Amino acid sequence: MTVAFRRQDALSLDAADPLAPMRDRFVLPEGVIYLDGNSLGALPRTTPAHLADVVTAQWGRDLITSWNRHDWIGFPMRLGAMIAPLIGARPDEVIACDSTSVNLFKLIAGAAALRPERRTILVEDGGFPTDRYMAESVAALVGGSVRTAPREAIESHIDDNVALVVLTQVDYRSSDRADMAEVTAAAHRRGALILWDLSHSAGAVTIDLTTCDADLAVGCGYKYLNGGPGAPAFLFVARRLQDALPSVLPGWMGHAQPFAFEQGYRPAPGLARHLCGTPPILAMAALEEGLGQFDGVDLQALFAKGQGLGDLFIQLMEERCAGHGFTLASPRQATARGSHVCFAHDHAYPICRALIERGVVGDFRAPDLLRMGFTPLYTRFADVWDAVETLREVMTTGVWQEDRLQQREVVT
Ligand SMILES: Cc1ncc(COP(=O)(O)O)c(C=O)c1O
Ligand SMILES: Nc1c(O)cccc1C(=O)C[C@H](N)C(=O)O
């Protein structure tokens, strides 16, 4: 006979967790169980003081000399080097800049230029929409077209006309995790390039761009990297492609010598050519603190904890919320998913709002998903227990049926 899991068991898991002290590195409001770090990471405790220092001592006191004195000019490369170990890249293969959407455009257009004889950009059906919007825009500009295919069948749609495959490693809704090595190899066998969107995986699951021999990648800085709302995103270009990949938004910061103010554009060597305009220094400083939270952390242990939190959530939902109409909408096997888990429910929207009112902050994704993100740096096993208990209460009381919870907010 199996003994049911109790809150005490969750507390014991937290007590034995060597990563538990990491939680103190973040500001987490009393009474809130934050399960949305996959959309907006929590505020690191050191960020406010660091930003205040950059504002007063660097901008305020050192003014324009800060570009050299505090190496503001080197920020995109420096942050790239901090992101590199989280995604299995080399330090000179990553820069922090722009938004993920803009970086998608830059790399998709660059890849199209590298394969001019091929006319198709292959993207997944139902992926995060910005990836597809950008692919369609590039296709229209170069006279090509976008083809879509189901995520799970993407490999079989790569033919000799595909210039580039754009795929998200961890799907923002289902949490399905693609096999990067396998899909990358399939693209290469057909002579196509591959661009991985790592927005929902960087900082949360194992990524090894080097071993996979990936070509290009992008990802968000404001999710698991804890860089703050609208944080700079990142882009990755494998060393072997860096000199060939053109810069399609050739701003002056990507020029070989920006301060020569030449009339003709000459691309900077390596990755710096993908810089466009002046880097947002305050946002970069916040991202620097977010990335600093990974210092000294055993990444494999961190990612294993994320899987354990997700496993526990699935187990408790099925044990304690059975009969309330929830269906697991993410892979059951931890190695096949990211660090968030979705359950489908016909009334997911008001249920999600009722949870938020009770301090359990997850999110709703249309049409019917309740999505809970487990950030292993700061989520506790007891949080998972408490979140499921709150959900059980919302369901047994029927409080989610109140009219005001049905009204859609602008940002969901
Ligand atoms: C998979 C994925 N790609 C791209 C984006 C867009 O990123 P950005 O807002 O930086 O353009 C997001 C989230 O917003 C995302 O989840
Ligand atoms: N970027 C966001 C925003 O500005 C407001 C609200 C949510 C977001 C998000 O990041 C959404 C997220 N990419 C998602 O997976 O749903």
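Computed from a predicted model, the values in this text were never measured in an experiment.

### Comments concerning the environment of Gly373
Of note, Gly373 is situated in strand S15 (residues 369–373). On the basis of neighbour counts, which here come to 29 C-beta atoms within 10 Å, the residue Gly373 falls in the buried class. Sequence separation between Gly373 and Leu35 is 338 residues, and the spatial gap between their C-alpha atoms is 4.7 Å. Discounting residues that sit within four places of it in the chain, Gly373 has contacts with Leu35, Asp36, Gly37, Asn38, Ser39, Ser339 and His340.

### Observations regarding the domain arrangement of the protein chain
Segmenting the protein chain into domains produces domain 1 (7–45 + 298–406) and domain 2 (71–292). Computed over C-alpha atoms only, the centres of domain 1 and domain 2 are separated by 29 Å. Tallying the contact residues gives 22 residues for domain 1 and 19 residues for domain 2. Listed by contribution, the elements that provide at least two residues to the side of domain 1 that touches domain 2 are helix H11 (299–320) and strand S12 (340–344).

### Considering the UniProt feature "modified residue: N6-(pyridoxal phosphate)lysine" (unreviewed entry) in the protein chain
The sites that UniProt annotates as "modified residue: N6-(pyridoxal phosphate)lysine" (unreviewed entry) are Lys223. Checked against the element boundaries, Lys223 lands in the loop between strand S9 (216–219) and strand S10 (234–237). Contacts of Lys223, omitting those with residues within four sequence positions, involve Gly37, Asn38, Ser39, Gly41, Ser199 and His200.

### Considerations on helix H6 (residues 129–142)
Across its 14 residues, H6 extends 20 Å between first and last C-alpha, which sits within 8% of the 20 Å expected from 1.5 Å per residue. Where the residues of H6 are buried, they touch helix H5 (100–114), strand S5 (120–124), strand S6 (145–149), strand S7 (162–168) and strand S8 (193–197). Just downstream of H6, Gly143 is the residue with a positive phi angle, here 75°.

### Thoughts on the packing of helix H12 (residues 348–357) against helix H13 (residues 381–397)
When two helices pack together, their arrangement is given by the angle between the helix axes and the distance between those axes. Contact geometry for H12 and H13: axes closest at 10 Å, N-to-C directions at 120°. As summarised for this structure, H12 and H13 are arranged oblique, according to the angle between their axes. Note on packing geometry: the crossing formed by H12 with H13 is right-handed. Facing Ile351, Ala354 and Leu355 of H12, the residues of H13 in contact are Thr390, Leu391 and Val394. Class assignment of the residues belonging to the contact of H12 with H13 gives a composition of five nonpolar, one polar and no charged.

### Considerations on the UniProt feature "binding site: pyridoxal 5'-phosphate" (unreviewed entry) in the protein chain
The UniProt record marks Thr100, Ser101, Phe128, Pro129, Thr130, Asp131, Thr168, Asp197, His200, Tyr222, Trp252 and Thr278 with the feature "binding site: pyridoxal 5'-phosphate" (unreviewed entry), using the residue numbering of this structure. A maximum C-alpha distance of 30.8 Å among these annotated residues, which run over 179 residues, shows that they spread across the structure rather than meeting at one spot. Mapped onto the elements of the fold, Thr168 is located in strand S7. A tally of 25 C-beta atoms within 10 Å means that Thr168 is categorised as buried. Contact partners of Thr168, with chain neighbours within four places excluded, come to Glu124, Gly127, Phe128, Asp131, Asp197, Ser199 and His200. The residue Trp252 is located in the loop between helix H9 (239–242) and helix H10 (281–292) in this model. Its 16 C-beta neighbours within 10 Å are what place Trp252 among the partly exposed residues.

### Let's talk about the site of ligand 1
The full set close to ligand 1 counts 13 residues, and Ser99, Thr100, Ser101, Phe128 and Ser199 are the nearest of them. Counting only elements with at least two residues in the shell around ligand 1, the list comes to H5 and H6. Residues that form the shell around ligand 1 fall into these classes: four nonpolar, seven polar and two charged.

### Focus on the sheet that holds strand S4 (residues 94–96)
The sheet built from seven strands is open, its strands ordered S4-S10-S9-S8-S7-S5-S6 with mixed pairing. Each having just a single partner strand, S4 and S6 make up the two edges of the open sheet. Averaged over all neighbouring strand pairs, the angle between strand axes comes to 20°, with direction disregarded. By the bridge criterion, four bridges tie S5 to S7 in an arrangement that is parallel.

### Focus on the environment of Thr130
One can find Thr130 in helix H6. Overall, the presence of 16 C-beta atoms within 10 Å leaves Thr130 in the partly exposed class. Once the C-alpha coordinates of Thr130 and Thr100 are considered, the two residues, 30 residues apart in sequence, prove to be 8.8 Å apart. Leaving out residues up to four positions away in the same chain, Thr130 has contacts with Ser101 and Leu104.

### What about unusual backbone geometry?
Negative phi characterises most residues that are not glycine, and trans characterises most peptide bonds. The amide bond that connects Ala366 to the next residue, Pro367, takes the cis arrangement and shows omega of 5°. Non-glycine residue Asp98 carries a positive phi angle of around 50°. If you trace the backbone, Asp98 turns up in the loop between S4 and H5. Positive phi, normally seen in glycine, also occurs at Ser175, with a value near 75°. Its location among the elements puts Ser175 in the loop between S7 and helix H7 (180–189).

The rules behind each value
Note that residues are indexed from 1 along each chain, following the sequence as it is written. Chain letters start at A and ligand numbers start at 1, both assigned in the order the entries are written. Per-residue local features are limited, in this predicted model, to residues with pLDDT of at least 70; the limit for side-chain atom pairs, both in listing and counting, is 80 or more; totals at the level of whole chains, interfaces and linings are taken over all residues. Going along the chain from the N terminus, every DSSP run of H or I of four or more residues is numbered as a helix, and every run of E of two or more is numbered as a strand. The burial criterion counts other C-beta atoms lying within 10 Å of a residue's C-beta, which is placed from the backbone; the residue is buried at 20 or more, exposed at 12 or fewer, and partly exposed between these limits. Here the contact rule is simple: place C-beta atoms from the backbone, and any two residues whose C-beta atoms are within 7 Å are in contact. Per the annotation, domain bounds derive from an automatic or database assignment of domains. UniProt positions are given in the numbering used here, feature names are shortened, and annotations may be inferred rather than shown by experiment. For a helix, the expected span equals 1.5 Å multiplied by the number of residues minus one. To obtain each axis, a line is fitted to C-alpha atoms, and for helices this fit is confined to the stretch in contact; angles are then taken between N-to-C directions over 0 to 180 degrees. By the definition adopted for this analysis, an angle is roughly parallel if under 35 degrees, roughly antiparallel if over 145, roughly perpendicular if from 65 to 115, and oblique otherwise. Crossings are classed by handedness, with left-handed meaning an anticlockwise turn of the near helix from the far one by less than a right angle and right-handed meaning a clockwise turn. All amino acids are sorted into three groups, where Ala, Val, Leu, Ile, Met, Phe, Trp, Tyr, Cys and Pro are nonpolar, Asp, Glu, Lys and Arg are charged, and the leftover types, Gly among them, are polar. Using a C-beta atom placed from the backbone for every residue, we mark a residue as near a molecule or strand if that atom lies within 6 Å of it. When DSSP finds two or more bridges between two strands, those strands count as paired.

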